[in-house]
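# Examination of the molecular architecture
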Amino acid sequence: MQLIQETPDLSAYLAADEAIDHDHPLVRETAAKLSDDVADSYEYARAAFEFVRDTIPHSQDSGDLRVTWRASDVLEQRTGICYAKAHALAALLRAEDIPTALCYQKFDEVHGLVAVRFHGAWHRQDPRGNKPGVDARFSLDGERLAFTPDPASGERDYPVLYAAPHPVVLDTLKAARDRPHLWQTLPAAL
């Protein structure tokens, strides 16, 4: 699949906004800690991915009822669904000047992940969190995502790389009272 930038301006994929708040002190502090033990931006990207994937539980898996959507809140509260975890990873990567896009897949509901730009190409990464049957890995040599769509079942990859969270996703997260409410209102398509 060919990924399509929503905008040709790469600086848009470094920008802060209300959800990807990489200018927040907690995001900056976390990024600084992660960058201490790495040699280059590729190692940093892997460390940030593994940090979000492994230390911030997916709220559905953990049973956490809280809904987070802002990157700094995900880092502070240590919980989030796929969209929120993607926002946190995007913020950590953008804090270190790594162009990062938000992208989506369609299953029964829309699933969120990110794409990072290295070596002149975009590479999708899924920080959702591993569990039995899910083994997502950071990779620039072929995708190692949590899920693979089955087109025969109506599932698909959306090719667009968004600079900011899709409005349908962000509005759904912001309107949710708790995770059970969120689960009833997750978008089925973009």
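Before any of the text, the structure's been laid out above.
In this report, the structure presented in the accompanying data block is examined. These figures come from a predicted structure and were not determined experimentally.

Conventions adopted
Residues numbered from 1 in each chain as written. Predicted model: local features only at pLDDT ≥ 70, side-chain atom pairs only at ≥ 80, totals over all residues. Heavy atoms only, no water. Helix = DSSP H or I, 4+ residues; strand = E, 2+ residues; numbered from the N terminus. Rg over C-alpha atoms; globule rule 2.2 N^0.38 Å. Areas by Shrake-Rupley, 256 points an atom, 1.4 Å probe, with all protein chains shown as cover. 1 Å grid on protein atoms, 1.4 Å probe; cavity = no way out; pocket = protein on both sides within 12 Å on 5 of 7 lines; lining within 4 Å. Points joined across faces, edges and corners; volume = space filled by probe spheres on them. Nonpolar A, V, L, I, M, F, W, Y, C, P; charged D, E, K, R; others polar. Polar contact = N/O pair within 3.5 Å; in protein donor to acceptor, adjacent residues only side chain to side chain. Contact = heavy atoms within 4.5 Å. Salt bridge = Lys/Arg side-chain N within 4 Å of Asp/Glu carboxyl O. Buried < 20%, exposed > 50% of the residue type's maximum accessible area, 1.4 Å probe, protein only. Phe/Tyr/Trp six-rings, centres within 6.5 Å; stacked < 30°, edge-to-face > 60°. Lys NZ or Arg CZ within 6 Å of the ring centre and 35° of its normal. Disulfide = S-S within 2.5 Å. Axes fitted to C-alpha atoms, helices over the stretch in contact; angles between N-to-C directions. Parallel < 35°, antiparallel > 145°, perpendicular 65-115°, else oblique. Left-handed = near helix turned anticlockwise from the far one by under 90°.

So, about the overall build of the protein. Each helix and strand in the protein was counted, giving 7 helices and 6 strands. The C-alpha radius of gyration of the protein comes to 15 Å, within 12% of the 16 Å expected for a compact globule of 190 residues. By its C-alpha atoms, the protein is 40 × 35 × 35 Å across when sized along the principal axes. Roughly 8,600 Å² of accessible area belongs to the protein as shown, and the carbon and sulfur atoms make up 48% of that amount.

Attention now goes to the layout of surface pockets. Volume-wise, the largest pocket comes out at about 350 Å³. Around the largest pocket, the lining is made up of 18 residues, and of these E109, V110, H111, F147 and W183 lie nearest the centre. Among the secondary structure elements, those contributing two or more residues to the lining of the largest pocket are α3 (59-62), α5 (82-95) and β3 (110-118). Residues belonging to the lining of the largest pocket are distributed by class as follows: 8 nonpolar, 4 polar and 6 charged.

Attention now moves to the side chain of Q105. Take Q105: it is sitting in strand β2 (residues 100-106). Here the side chain of Q105 touches D157 through a polar contact of 2.9 Å, side chain to side chain. Not counting residues up to four positions away in its chain, the partners in contact with Q105 are V110, H111, L113, R124, L145, F147, P149, R156, D157 and Y158.

The next point concerns the pattern of salt bridges. In the structure shown here, the tally under the stated rule is 11 salt bridges. Ionic pairing is found between R66 and D64, a salt bridge with its closest N-O pair at 2.6 Å. With a relative accessible area of 18%, D64 lands in the buried category. When the shortest N-O distance is used, the salt bridge between E143 and R124 registers 2.6 Å. Of this pair, E143 sits in the loop between β4 (121-125) and β5 (156-157) while R124 sits in strand β4, placing them 19 residues apart in sequence. Taking relative accessible area as the criterion, E143 reaches 43% and is therefore assigned partly exposed. Within the structure, one salt-bridge network assembled from shared partners comprises D61, R128 and K131.

Glancing now at the packing of aromatic side chains. Counting across every chain of the model gives 7 aromatic pairs. Ring centres of F107 and F147 lie 5.7 Å apart, and the angle between their planes is 70 degrees; on these two criteria the pair is classed as edge-to-face. You can see F107 sitting in the loop between β2 and β3 and its partner F147 sitting in the loop between β4 and β5, a full 40 residues away along the chain. For F147, a relative accessible area of 30% puts it in the partly exposed group. Members of the aromatic cluster, connected to one another through ring pairs, are Y42, F49, F118 and F138. One cation-aromatic arrangement involves K174 over W69; the distance from NZ or CZ to the ring centre is 5.0 Å.

Quick look at the state of the cysteines now. For the structure shown, the criterion picks out 0 disulfides. Among the cysteines around C82, which has no disulfide bond, C103 carries the closest sulfur, lying 11 Å off. In this structure C103 comes out as buried when scored by relative accessible area, which is 0%.

Attention now moves to the packing of helix α1 (residues 25-35) against α5. It is the contact of α1 with α5, at a shortest axis distance of 9 Å, that shows an interaxial angle of 70 degrees. When the axes of α1 and α5 are compared, the pair comes out roughly perpendicular. Of the two elements, α1 crosses α5, and the hand of that crossing is right-handed. Each of V27, R28, T30, A31 and L34 in α1 lies in contact with α5, whose residues at this interface are A91, L92 and A95. Class assignment of the residues belonging to the contact of α1 with α5 gives a composition of 6 nonpolar, 1 polar and 1 charged.

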